[in-house]
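Coordinate analysis (summary)
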Amino acid sequence: MNAEAGADAGVDEDLEADDVVEELGMVVSDVRLTTIHNFRDVAGPGYAIHPSGTMSRGLVYRSTTLTVGEEDLGVLERLGVSTIVDLRTEAEITKEPDMIPAGAEYLAIDVLAGNSSAAALTGAGTFSVEDARREMATTYDRFVLGDQERVAFGRAVHAVALSSGPAIVHCTAGKDRTGWISALLQMLAGVREEDVIADYLLTREMSVDFVTAIRTYVRAEMPDQFDAIDVLIGVEESNIRRSLDAMTKEFGDARRYLVEGAGLEDSLVDELGARLRSGR
């Protein structure tokens with residue numbers, strides 16, 4: 001999705017966060033934080049859902065690491081954020097801990113179940129383009145086929161379902177782990193697959209400065225690793241399709257993935273799906 005397409009979908013790049021929060025904390029448009037990139041509503045502009053209606057906005061946000069400044073922290077507090085679900089590894093969290101809004105519950109759930117992340121591999125020394133591609137493919141396979149990974153994603157969705165107010169789900173770059181849980185929530189709500197994929201690809205537009213900075217550094221300091229690292233920081237349609245296709249083959253849909261694959265109670269999943277469709 002290009003920047004023009006994002007604007008057509010209702011993404012207003014010019015709005016400041018303070019302009020979109022009413023006194024009562026209701027979301028009236030897209031929230032744009034100034035100190036981190038790729039922070040956005042999982043429901044996008046209010047994606048169309050099957051058979052009718054739109055996905056509810058203001059319930060779940062997605063993000064990168066919450067290293068927010070004081071002004072942005074205040075925005076999150078005015079939004080009434082009540083749950084932070086951190087999908088990163090222990091090492092990632094230790095290296096760069098979140099800033100937690102006042103009153104929010106923080107849960108760290110390593111959805112990689114002890115396996116390496118693309119972020120970790122980036123600093124792991126010499127590796128090839130083939131190593132990087134294999135790592136990405138394996139990661140997206142494990143999101144669906146890994147027993148421990150499914151249970152961990154189930155715990156994350158469970159936390160979202162029980163959140164008394166808006167929840168934030170995030171990892172380091174907000175693209176792979178966060179991309180998958182966002183896709184799960186969207187599919188559970190009934191968002192069309194093509195919109196789920198377009199939303200996943202929107203990270204390219206939301207992270208341009210972040211990715212450019214990484215590429216500039218790597219080109220200067222680690223030129224031999226540039227192509228391999230570019231694979232790890234990339235946002236490719238083939239990756240999310242890999243997980244979506246595996247979920248369809250193994251479980252049929254997001255609901256069965258969460259109930260049969262992740263072990264969540266069917267009533268909890270159904271209630272969450274209803275909220276994602278109605279906002280109640």
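Report on the accompanying structure. (Residues numbered from 1 in each chain as written. Predicted model: local features only at pLDDT ≥ 70, side-chain atom pairs only at ≥ 80, totals over all residues. Heavy atoms only, no water.)

Considering the nonpolar core
Taken as a class, soluble globular proteins show a tendency for nonpolar side chains to be buried jointly. Counting residues in hydrophobic clusters, the biggest one holds 62 residues, and the most contacted among them are Trp180, Tyr257 and Leu276. Non-local contacts of tyrosine 257, meaning those with residues more than four positions away in its chain, are made with Phe143, Val144, Arg150, Phe153, Trp180, Leu184, Met247, Phe251 and Ala262. One finds Val31, Ile36, Val75 and Ala104 within the second-largest nonpolar core, a separate group that totals 15 residues. (Core = buried A, V, L, I, M, F, W, Y, C linked by side-chain atoms within 4.5 Å. Buried < 20%, exposed > 50% of the residue type's maximum accessible area, 1.4 Å probe, protein only. Contact = heavy atoms within 4.5 Å.)

Focus on the sheet that holds strand β1 (residues 40-41)
Read from one edge to the other, the open sheet built from 5 strands follows the order β1-β2-β5-β3-β4, with strand pairing classed as mixed. Every other strand in the sheet has two partners, leaving β1 and β4 (105-108) as the edge strands with one partner each. Bridge count between strand β3 (residues 83-86) and β4: 4 bridges; the pairing is parallel. Bridge assignment links isoleucine 84 to a residue of β4, and that residue is tyrosine 106. Strand contacts of helix α6 (residues 147-162): β2 (60-63), β3, β4 and β5 (167-170), with the helix running at about 170 degrees to β3, the strand carrying the most contacts. (Pairing = 2+ DSSP bridges. Helix = DSSP H or I, 4+ residues; strand = E, 2+ residues; numbered from the N terminus. Axes fitted to C-alpha atoms, helices over the stretch in contact; angles between N-to-C directions.)

A word on the environment of leucine 145
Relative to the helices and strands, leucine 145 resides in helix α5 (residues 129-145). Sequence-wise, leucine 145 and serine 243 are 98 residues apart; in three dimensions their C-alpha atoms are separated by 8.9 Å. Aside from chain neighbours lying at most four places away, what touches leucine 145 is Arg150 and Glu250.

A look at the packing of α6 against helix α14 (residues 266-278)
Interaxial distance between α6 and α14 falls to 10 Å at its minimum, and their mutual angle equals 60 degrees. The orientation of α6 relative to α14 falls into the category oblique. Both α6 and α14 take part in a crossing whose hand is left-handed. Residues Val157, His158, Val160, Ala161 and Leu162 of α6 pack against Leu268, Leu272 and Arg275 of α14. Classifying every residue of the contact of α6 with α14 gives 6 nonpolar, 1 polar and 1 charged. (Parallel < 35°, antiparallel > 145°, perpendicular 65-115°, else oblique. Left-handed = near helix turned anticlockwise from the far one by under 90°. Nonpolar A, V, L, I, M, F, W, Y, C, P; charged D, E, K, R; others polar.)

A look at α5
For α5, built from 17 residues, the straight-helix expectation of 24 Å at 1.5 Å per residue is met to within 8% by its first-to-last C-alpha distance of 24 Å. Along α5, the residues that are buried comprise Val129, Ala132, Glu135, Met136, Ala137, Thr139, Tyr140, Arg142, Phe143 and Val144. (Expected span 1.5 Å × (residues − 1).)

Let's talk about the packing of aromatic side chains
Two numbers describe a pair of aromatic rings. These are the distance of the centres and the angle of the planes. This model, assessed by the stated rule, comprises 7 aromatic pairs. Summarising the aromatic geometry, the rings of phenylalanine 39 and tyrosine 61 are spaced 5.3 Å apart at their centres and angled 15 degrees between planes, so their arrangement reads as stacked. Placement of phenylalanine 39 in the loop between α1 (3-8) and β1 and of tyrosine 61 in strand β2 is noted, with a sequence separation of 22 residues between them. On the basis of relative accessibility, which here comes to 2%, the residue phenylalanine 39 falls in the buried class. Note on phenylalanine 143 and tryptophan 180: the rings are 6.5 Å apart at their centroids and 15 degrees apart in plane angle, and the pair reads as stacked. With phenylalanine 143 in helix α5 and tryptophan 180 in helix α7 (residues 177-189), this pair connects stretches of sequence that are 37 residues apart. With a relative accessible area of 0%, tryptophan 180 lands in the buried category. (Phe/Tyr/Trp six-rings, centres within 6.5 Å; stacked < 30°, edge-to-face > 60°.)

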